[in-house]
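# What the coordinates show
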Amino acid sequence: MPAQTHVFLCLKDNFGVLVHDPVSGATAAIDAPEAAPIEAALKATGWNLTDILVTHHHRDHTGGIEELKERYRCRVVAPDAEADGIPDVDENVAENDVVKVGGLQARVLETPGHTAGHITYFFPEDKLCFAGDTLFSIGCGRVIEGNAEMMWDSLLKLRALPDDTQVFCGHEYTAANIRFAKTIEPDNAALSAREREVARLLAEKKLTVPSLLGEEKAANPFLRADVPEVAAKVGLVGKPAWQVFAEIRERKNKS
């Protein structure tokens, strides 16, 4: 049976996500921004928390771990490079490690840039990608602990996944990201289509994730830094793609 997911909001604009194996009953939270919304989601679904899969050490992704660990005795899986800064870690993981949630299997992808040890969890059987703060819907995370070349390489790694992969990200920034993206590619038809879809979802008080990776490839400027037309838009024709990415990211920082 396929994995089941449940998405909800935490804190101000963080996404919480539960991933559930209907065969074994195992359930993982992807990060733990705060405990109460996760517990409410567990109550609403009737699922029992068995695991927390952490993408990176920032407090808005780890703040609920200790409370949830005490209540559910769940396993906490975290990136090896950042485990010392994350509470109650049971298992450290790195590139290409396999993490099981009941019968579900995730492959770990190291995607540094936002933080030095950030990881992504990709469930190949179900084509689910939990990208934390590396890749957003029509956006990407700020480059804080890494550098632009590192972040571009991480985005390329995610871009290489199948087009029908569902991408779950750490924050509800989609509408703002679209407004910025249109300053880079105002005539991008895929971006305009996504803008209409997001306007409809928000009008219906629905969440804008997950998105499909194929749609992100067509509309997300941060995944399109190696497209000549995008380089031209930012005045960097012929420059390496990571430099184009760096310029786009810097413009977003100032927007």
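Residues numbered from 1 in each chain as written. Predicted model: local features only at pLDDT ≥ 70, side-chain atom pairs only at ≥ 80, totals over all residues. Heavy atoms only, no water.

## Structural notes on the pattern of salt bridges
Counted according to the given criterion, the structure contains 16 salt bridges. For Asp51, the salt bridge identified is with Arg75, shortest N-O distance 2.6 Å. Here Asp51 is found in strand β4 (residues 51–53), whereas its partner Arg75 is found in strand β5 (residues 75–79), with 24 residues between them in sequence. When its relative accessible area of 7% is taken as the criterion, Asp51 is described as buried. Relative accessible area serves as the criterion here: at 22%, Arg75 is assigned to the partly exposed category. The network of salt bridges with common partners includes Asp51, Arg75 and Glu91. (Salt bridge = Lys/Arg side-chain N within 4 Å of Asp/Glu carboxyl O. Helix = DSSP H or I, 4+ residues; strand = E, 2+ residues; numbered from the N terminus. Buried < 20%, exposed > 50% of the residue type's maximum accessible area, 1.4 Å probe, protein only.)

## Some thoughts on the packing of helix α5 (residues 174–184) against helix α9 (residues 241–254)
Axis separation between α5 and α9 bottoms out at 11 Å; the angle between their running directions is 130 degrees. By the angle class used here, α5 and α9 are oblique. For the crossing formed where α5 meets α9, the hand is right-handed. Here Asn177, Phe180 and Ile184 of α5 come into contact with α9, specifically with Ile248, Arg251 and Lys252. (Axes fitted to C-alpha atoms, helices over the stretch in contact; angles between N-to-C directions. Parallel < 35°, antiparallel > 145°, perpendicular 65-115°, else oblique. Left-handed = near helix turned anticlockwise from the far one by under 90°. Contact = heavy atoms within 4.5 Å.)

## A few points about helix α6 (residues 189–203)
One full turn of an α-helix is made of 3.6 residues, so residues set three or four places apart face in the same direction. Under the 1.5 Å per step criterion, the end-to-end length of α6 is 21 Å for 15 residues, consistent within 8% with the ideal 21 Å. Listed as buried for α6 are Leu191, Ser192, Arg194, Val198 and Leu201. One side-chain oxygen of the residue at the start of α6 lies 2.9 Å from the amide nitrogen of Ala190, identifying that residue as Asn188. Positive phi shows up at Lys205, right after α6, with a value of about 55 degrees. (Expected span 1.5 Å × (residues − 1). Polar contact = N/O pair within 3.5 Å; in protein donor to acceptor, adjacent residues only side chain to side chain.)

## Looking at the packing of aromatic side chains
Going through the model one piece at a time under the given rule, you end up with six aromatic pairs. Taken together, a centroid distance of 5.2 Å and an interplanar angle of 85 degrees make the contact between Phe136 and Tyr173 edge-to-face. Of this pair, Phe136 sits in strand β11 (residues 135–136) while Tyr173 sits in the loop between β13 (166–168) and α5, and the two are 37 residues apart along the sequence. With relative accessibility at 5%, the residue Phe136 sits in the buried group. (Phe/Tyr/Trp six-rings, centres within 6.5 Å; stacked < 30°, edge-to-face > 60°.)

## Concerning the pairing of strand β9 (residues 119–123)
Judged by how many residues are buried, β9 sits mostly within the fold: five of five residues are covered. The alternating pattern of β9 places Ile119, Tyr121 and Phe123 on one face and Thr120 and Phe122 on the opposite face, and all of these are buried. Pairing of strand β8 (residues 104–110) with β9, which is carried by four bridges, proceeds in the antiparallel orientation. Along β9, the bridge assignment pairs Leu109 with Thr120. As defined by bridge partners, β9 adjoins strand β10 (residues 128–130) across three bridges and the pair is classed as antiparallel. Within the sheet, the bridge partner assigned to Phe122 lies in β10 and is Cys129. The loop that links β9 with its antiparallel partner β10 comprises four residues; one of these, Lys127, has a positive phi angle of about 55 degrees. (Pairing = 2+ DSSP bridges.)

## Some details on the environment of Val99
Within the secondary structure, Val99 sits in strand β7 (residues 98–101). Leave out the neighbours within four places in its chain, and Val99 touches Leu53, Arg75, Val77, Val93, Leu104, Gln105, Ala106, Val108 and Tyr121.

## Here we look at the sheet that holds β4
Within the open sheet, the six strands sit side by side as β1-β2-β3-β4-β5-β6. Their pairing is mixed. Edge strands, defined here as strands with exactly one partner in the open sheet, are β1 (4–10) and β6 (91–93). Mean inter-strand twist for the sheet, computed between neighbouring axes without regard to direction, equals 25 degrees. Pairing of β1 with strand β2 (residues 14–20) involves seven bridges; the strand directions are antiparallel. Paired with Val7 across the bridge in β2 is Val17.

## Some remarks on empty space enclosed by the protein
One pass over the full model with this rule turns up one cavity of 30 Å³ or more. Reported here for the largest cavity is a volume of approximately 60 Å³. Lining the largest cavity, in full, are Phe15, Val17, Ile30, Asp31, His61, Gly132, Phe168, Cys169 and Gly170. For the lining of the largest cavity, the per-class residue count stands at five nonpolar, three polar and one charged. (1 Å grid on protein atoms, 1.4 Å probe; cavity = no way out; pocket = protein on both sides within 12 Å on 5 of 7 lines; lining within 4 Å. Points joined across faces, edges and corners; volume = space filled by probe spheres on them. Nonpolar A, V, L, I, M, F, W, Y, C, P; charged D, E, K, R; others polar.)

## Regarding the pairing of β8
The pairing of β7 with β8 spans four bridges and is antiparallel. Bridging across to β8, Val101 finds its partner in Leu104.

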